[in-house]
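# Report on the structure
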Amino acid sequence: MKEIYLDQPQVMQVRDALPLPNIQHGEVKIKLLYGGICGSDLSVYKGRLPHAQYPLRPGHEIVGEVIESRAEHIKPGGRIVVTPNTFCGQCEFCLKGKPNICKEKQSIGITCDGGFAEEIIIHSRYCLPIPDELSDEAAVLIEPLSVIVHGIKQINIQPGMRVLVVGCGTEGLLASALAHHVGGNVTAIDINANKLALLQSFDDIILGHPMDIVGETFDIVIEAAGTKQSVESCFSHLKPGGELLLIGITPEATIPVAQVVRNEQKVVGSIIYEFPADFQTSVSYLLEETFDPTIFISKIKPFYDYEEAYQMALSGNYAKIVLQFKGAVVS
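Before going into details, it helps to say that this report is about the structure given with it. (Residues numbered from 1 in each chain as written. Predicted model: local features only at pLDDT ≥ 70, side-chain atom pairs only at ≥ 80, totals over all residues. Heavy atoms only, no water.)

### Some details on the packing of helix 4 (residues 142-153) against helix 9 (residues 277-286)
In the contact formed by helix 4 and helix 9, the axes pass within 8 Å of each other and the chain directions differ by 105°. Accordingly, the angle class assigned to the pair helix 4 and helix 9 is roughly perpendicular. Contact residues: I142, E143, L145, S146, V149, H150 and K153 in helix 4; D278, F279, T281, S282, V283, Y285 and L286 in helix 9. Here the contact of helix 4 with helix 9 is built from residues that sort into seven nonpolar, four polar and three charged. (Axes fitted to C-alpha atoms, helices over the stretch in contact; angles between N-to-C directions. Helix = DSSP H or I, 4+ residues; strand = E, 2+ residues; numbered from the N terminus. Parallel < 35°, antiparallel > 145°, perpendicular 65-115°, else oblique. Contact = heavy atoms within 4.5 Å. Nonpolar A, V, L, I, M, F, W, Y, C, P; charged D, E, K, R; others polar.)

Written out as structure tokens, the structure is:
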């Protein structure tokens, strides 16, 4: 069995994995089908996440086929997706239904071994079976889409509202598509025209450079770029009474408090998702014929071509780069 392994920042290899142990009660063994490369995977690769633990196996956006199960609700032969964030189920946040901010949370592929291997074992509490009618390509987007599902739950997009999405990486693209799907009049901006081009099939999403919207204001602003400058720019585009959703992460930014208070504006941060509820909602959206974000999968590469795949993802000129494990053979 092969796995991708990150010995230290920017030192990655495909290697023989250690034999897996026998699975225990409540666990499942899966054969990986696809694994998406996420922005946090790139940060781990570059050594820019202080809490990342090396060496480790990267990867967390995964879909796999169950080959062995010791969990009653998960059967061999079915497919599952995985929430990569563990939770204790006992802290005050878990008991309030917010496992996404669990005090004991660990993140696979960041603080412990992740999923980029031909076979892995994981506890069934972190697995969601997916319906047969959902394609593997759609399924690999469940985890990143759930980030947007969770965020949009915290704001109030009504049909006809003007929605601005700042930053068109994968999460920004998914935010644009979902805000449009629920009835928003969406404008998406990015400094990279290659990313904006991925939204061209949406005839009524307005695309542009940040300089194209100087002076315009919106009911809803979704920040998905994660830079100090992009966060601060959002406030100049927020209507009185408007809502700003922060999904991108930057260490700090200046907030115009007087503006927010005097205009009764809402600023909300959103981190990952609530499992399994947000994953189940993502599956429901992906099963709708009128919502197909698989157009944001720019390239699917065999996992042994990980170097090229990571360089493509690092270039910033693509949306989702996916590693294919099913049927990929490396000697």
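Now that the structure is up, let's keep going.
### Quick word on the layout of surface pockets
Its volume calculated, the second largest pocket comes out at about 190 Å³. Its residues placed into classes, the lining of the second largest pocket shows seven nonpolar, six polar and two charged. (1 Å grid on protein atoms, 1.4 Å probe; cavity = no way out; pocket = protein on both sides within 12 Å on 5 of 7 lines; lining within 4 Å. Points joined across faces, edges and corners; volume = space filled by probe spheres on them.)

### Some remarks on the pattern of salt bridges
Taken as a whole and assessed by the stated rule, the structure comprises 17 salt bridges. K103 is the salt-bridge partner of E92, the closest N and O atoms lying 3.4 Å from each other. Of the two residues, E92 is situated in helix 2 (residues 92-95) and K103 in the loop between helix 2 and strand 6 (119-123); the sequence distance between them amounts to eleven residues. With a relative accessible area of 56%, K103 lands in the exposed category. (Salt bridge = Lys/Arg side-chain N within 4 Å of Asp/Glu carboxyl O. Buried < 20%, exposed > 50% of the residue type's maximum accessible area, 1.4 Å probe, protein only.)

### Describing the packing of aromatic side chains
In this description, an aromatic ring pair is defined by two values, namely the gap between the centres and the angle between the planes. Scanning the model with the defined rule gives nine aromatic pairs in all. Look at F116 and F325: their rings are 6.0 Å apart centre to centre, the planes differ by 35°, and that puts the pair in the tilted class. With F116 in the loop between helix 2 and strand 6 and F325 in the segment after strand 15 (320-324), the pair connects residues that are 209 residues apart, well separated along the chain. With respect to burial, F116 and F325 carry one shared label: buried. Where F303 meets Y304, the ring centres are 6.1 Å apart and the plane angle is 65°; that geometry is what we call edge-to-face. (Phe/Tyr/Trp six-rings, centres within 6.5 Å; stacked < 30°, edge-to-face > 60°.)

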